[in-house]
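Residues per chain, in single letters:
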Amino acid sequence: MVIVYDITNRESFESVDKWMKDARDLRDVDQALIVMAGNKADMGEHGRQVTTEEAEAFAKEKDIMFFEISALNGQNVQMLFNEVAKKLTGIQTDIVTQS
């Protein structure tokens, strides 16, 4: 499952832990594949309230995948889904680097 927060909204990032718990409770599974995506990467540093480093540290602590994406321009969206596909199937996909 992909949990998306807004990098320009600290409150949304602070809700990620609760959303993860809620999702796991609904699935009744502790080992669900969870990916955290920080949206609005197209905005650069303008209005950013959550640093990439902070989100990376959170993802590492929770042992989940992390990407910064832009729903507006598609930045890193394909890479996110390629990585999820690789995790779920074990099949290698074309390499796409995070920009």
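The paragraphs below set out a description of the structure included in this document. Here the structure is a predicted model, which is why all the values come from computation and not from measurement.

## Considerations on the pairing of strand β2 (residues 35-39)
Looking along a regular strand, one sees side chains alternate from face to face of the sheet.
Thinking step 1. With 5 of its 5 residues buried, β2 lies for the most part within the structure.
Thinking step 2. On β2, burial covers both faces: Val 35, Ala 37 and Asn 39 on one face and Met 36 and Gly 38 on the other are all buried.
Thinking step 3. Both strand β1 (residues 2-6) and β2 contribute to a ladder of 5 bridges, which runs parallel. Within β2, the residue paired with Tyr 5 across the bridge is Gly 38.

## Quick look at helix α2 (residues 16-27)
Thinking step 1. Taking 1.5 Å as the rise per residue, α2 with 12 residues should run 16 Å; its terminal C-alpha atoms sit 16 Å apart, in good agreement.
Thinking step 2. For α2, the complete set of buried residues consists of Val 16, Met 20 and Ala 23. The buried residues of α2 occupy one face: seen down the axis, they fall within an arc of 65 degrees. α2 presents Lys 18, Lys 21 and Leu 26 as exposed residues on the side facing more than 90 degrees away from its buried surface.

Calculation criteria
- Residues numbered from 1 in each chain as written.
- Predicted model: local features only at pLDDT ≥ 70, side-chain atom pairs only at ≥ 80, totals over all residues.
- Heavy atoms only, no water.
- Buried < 20%, exposed > 50% of the residue type's maximum accessible area, 1.4 Å probe, protein only.
- Helix = DSSP H or I, 4+ residues; strand = E, 2+ residues; numbered from the N terminus.
- Pairing = 2+ DSSP bridges.
- Expected span 1.5 Å × (residues − 1).
- Arc of directions from axis to C-beta.

Purely geometric stuff here, so don't read any function into it on its own.
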